[in-house]
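Tertiary structure, described
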Amino acid sequence: MAIIGIDLGTTNSLACVCQDGRAVLIPNSLGENLTPSAVSVDENGEICVGAVAKERLISHPEASASSFKRHMGTNKTFTLAENDFTPQELSSFVLRQLKEDAERYLGEEVTEAVISVPAYFNDNQRYATKEAGRLAGIHVERLVNEPSAAALTASRISGEEEGSYLIFDFGGGTLDVSVVDYFDNVIEIVAVSGDNRLGGDDFDEVIARSFCAHHHMDYDGLDQQKKATLLRLSEKCKRDLSEREETVLVWEAEEKKMPLNNLLLAGLSQNLLDRISQVVDTALRDSARSIDEIDEIVLVGGSSRMPVISLYLQTQMKRKPGMVASPDEVVAMGVGIYAGIKERKQDIKDLVLTDICPFTLGVSVVNYVDNDNPIMSAVIERNSVLPCSRTAHYTNSCDNQCQIEIGIFQGESYYCQENLKLGVIEMEILPVKKGEACLEVRFTYDIDGILEVEVTDCRTKQMRRKVLASENLRLSEEEIESRLEELRTYKLMPCGGIRTKIVMARGERLYAQTLGVRRQQVSVMMQKIQKAVASRNDQLIAKCLKEAEDIFDRLEEW
Ligand code: ADP
Ligand code: MG
């Protein structure tokens, strides 16, 4: 039985299968490879998915939904013709449609799939994606990160198996830029950066707004239906410009038109282009690479078809991005190839996909200045290569404390409350003086997104353990145990985490922006300041602030 690969996109979804070592895209019933990720409930209460549902977004907005991938892993519900659906339920309809199309195409039942997810998806989002699969009657063999899949395709097509890739994935509503290495049969995501509020849709809006300005209309004042129509026309106009230099946006119903060309579009989109450039810079900076150290720039996502984008990237990077395949099919093909690897077909060399943890995982530690606002202490840092295991040591914050509560968080903010809480471990300890207890916290995180947290009291050897997000896997307790046992053998690395306000705010920002030694420096400085503030010693505060400013200046220059 075939395992299929699925690119479950925000805007469009695709299915792919590996046949004789080649990735073959599976057309839907309309003969198209792309199925719009849109769902609608029709008059008979039946669900329709894809192009029909995309049309109904305009004609029956109250019964239709799209872009639900954005809300995966949240509590948001969508009401379609008085039926409530979660984002994973809506996604499961799309998956079910892809599964049916694949079954028709392959002439056999499809029950297993590999699905791609953005590298930055957190545990909740990954969990929800697996749940969507389960709801669609598909066993999700594995989640693959989208940039890994894109790199797999790029290496296959170019025939140059080895190299460093910059994956520029520009879709309908999101931009994801990743640096991916592929050496010695290992694909490794070195850094990821993105803007999940930036995509092709923004270019549609820019065009629509310009159209309104041109005709002295108020874009924001348009009713929902008109706005949707104008956006649809703008998208068509944008696509035209990928084929030819100039075009005309014609809105027949309103008897209005506007000519547009790529140069004008570039001018209108300057703001968007600047944001794109920031994302690319961050990815390169996080990877500690210069653009010259990148072997190939791979354009991915439908919006990468825009000449405005490729030209802009070319001038920014002084390099011509490569085109390995249709940009909107690159991820799906990679997932298809990966599904083939999963099936262990003889004609595919076995590959190991090593991924990275796209966010920082840590525990809450006491904030001596503001007790109700604990600080994040990083245990596994963002961009760590997976699977990985790290330990850190902590102590008690007050005398004779006999219970300790360790909050487990994910995110880049200095304060825990701004990060995502994954769970909590409560543990009894021997009452001792403040600072005398010794707790070893070990985080083990694997490629499927299972996080195991273990807290050991070094004196009593008492241990508490929590496995997070394990429900999203069809693994038995024993399998999880043996997997975690394997992971434990990985090498361990020890790890750490109105002027005052400004310096602290600056510290928070730098903390989010930096990693490793630099981040540790920031964290140490911030704690120093907080302790100084708590001591109410003005001289000490001033000294700490000066020291912090110097360090932050240096970090910023870097
Ligand atoms: P996602 O990964 O978000 O599901 P896609 O990679 O399929 O999305 O990209 C969808 C976006 O690509 C849409 O904004 C669409 O307008 C845009 N797009 C598709 N084809 C073209 C084209 N030929 N020229 C310009 N934009 C395009
Ligand atoms: Mg995509």
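See above for the structure.
Just so we're clear, the structure is a prediction, and the values are computed from it rather than from any experiment.

Remarks on the environment of Ser-66
Inspection of the secondary structure puts Ser-66 in strand E7 (residues 64-66). Along the primary structure Ser-66 and Ser-40 are separated by 26 residues, whereas in three dimensions their C-alpha atoms are 8.8 Å apart. Ignoring any residue separated from it by four or fewer positions in sequence, one finds Ser-66 in contact with Ser-37, Ala-38, Leu-57 and Phe-78.

Digging into the pattern of salt bridges
Applying the stated criterion across every chain, the model contains 29 salt bridges. In the salt-bridge network here, residues are joined through shared partners; they are Glu-381, Arg-382, Glu-412 and Arg-519.

Some thoughts on the nonpolar core
The nonpolar side chains of a soluble globular protein tend to be buried with one another. Of all hydrophobic cores here, the largest spans 42 residues; its most connected members are Phe-168, Ile-276 and Ile-309. In terms of residues, this core owes the most to one element, helix H8 (residues 270-287), which gives seven residues. With near-sequence residues (within four places) excluded, Ile-309 lies in contact with Phe-168, Phe-170, Phe-203, Leu-273, Ile-276 and Ser-303. Grouped together as the second largest cluster of nonpolar side chains are 35 residues, Leu-95, Leu-106, Val-110 and Phe-121 included.

Description of the site of ligand 1
Close to ligand 1 lie 17 residues; Thr-11, Asn-12, Glu-235, Lys-238 and Ser-242 are nearest. Here an oxygen atom of ligand 1 and a backbone polar atom of Thr-11 are 2.7 Å apart. In this structure, Ser-242 approaches ligand 1 through a side-chain N or O atom, which is 2.6 Å from a nitrogen atom. Those elements that provide at least two residues to the shell around ligand 1 are helix H5 (200-214) and helix H6 (224-243). Among the elements that make up the shell around ligand 1, the one with the highest residue count is H6 (four residues). Classifying every residue of the shell around ligand 1 by side-chain character gives one nonpolar, eleven polar and five charged.

What counts, and where the lines are drawn
Residues numbered from 1 in each chain as written. Chains lettered and ligands numbered in written order. Predicted model: local features only at pLDDT ≥ 70, side-chain atom pairs only at ≥ 80, totals over all residues. Heavy atoms only, no water. Helix = DSSP H or I, 4+ residues; strand = E, 2+ residues; numbered from the N terminus. Contact = heavy atoms within 4.5 Å. Salt bridge = Lys/Arg side-chain N within 4 Å of Asp/Glu carboxyl O. Core = buried A, V, L, I, M, F, W, Y, C linked by side-chain atoms within 4.5 Å. Buried < 20%, exposed > 50% of the residue type's maximum accessible area, 1.4 Å probe, protein only. Near = heavy atom within 4 Å. Polar contact = N/O pair within 3.5 Å; in protein donor to acceptor, adjacent residues only side chain to side chain. Nonpolar A, V, L, I, M, F, W, Y, C, P; charged D, E, K, R; others polar.

Remember, this is a structural readout, not a statement about activity or role.
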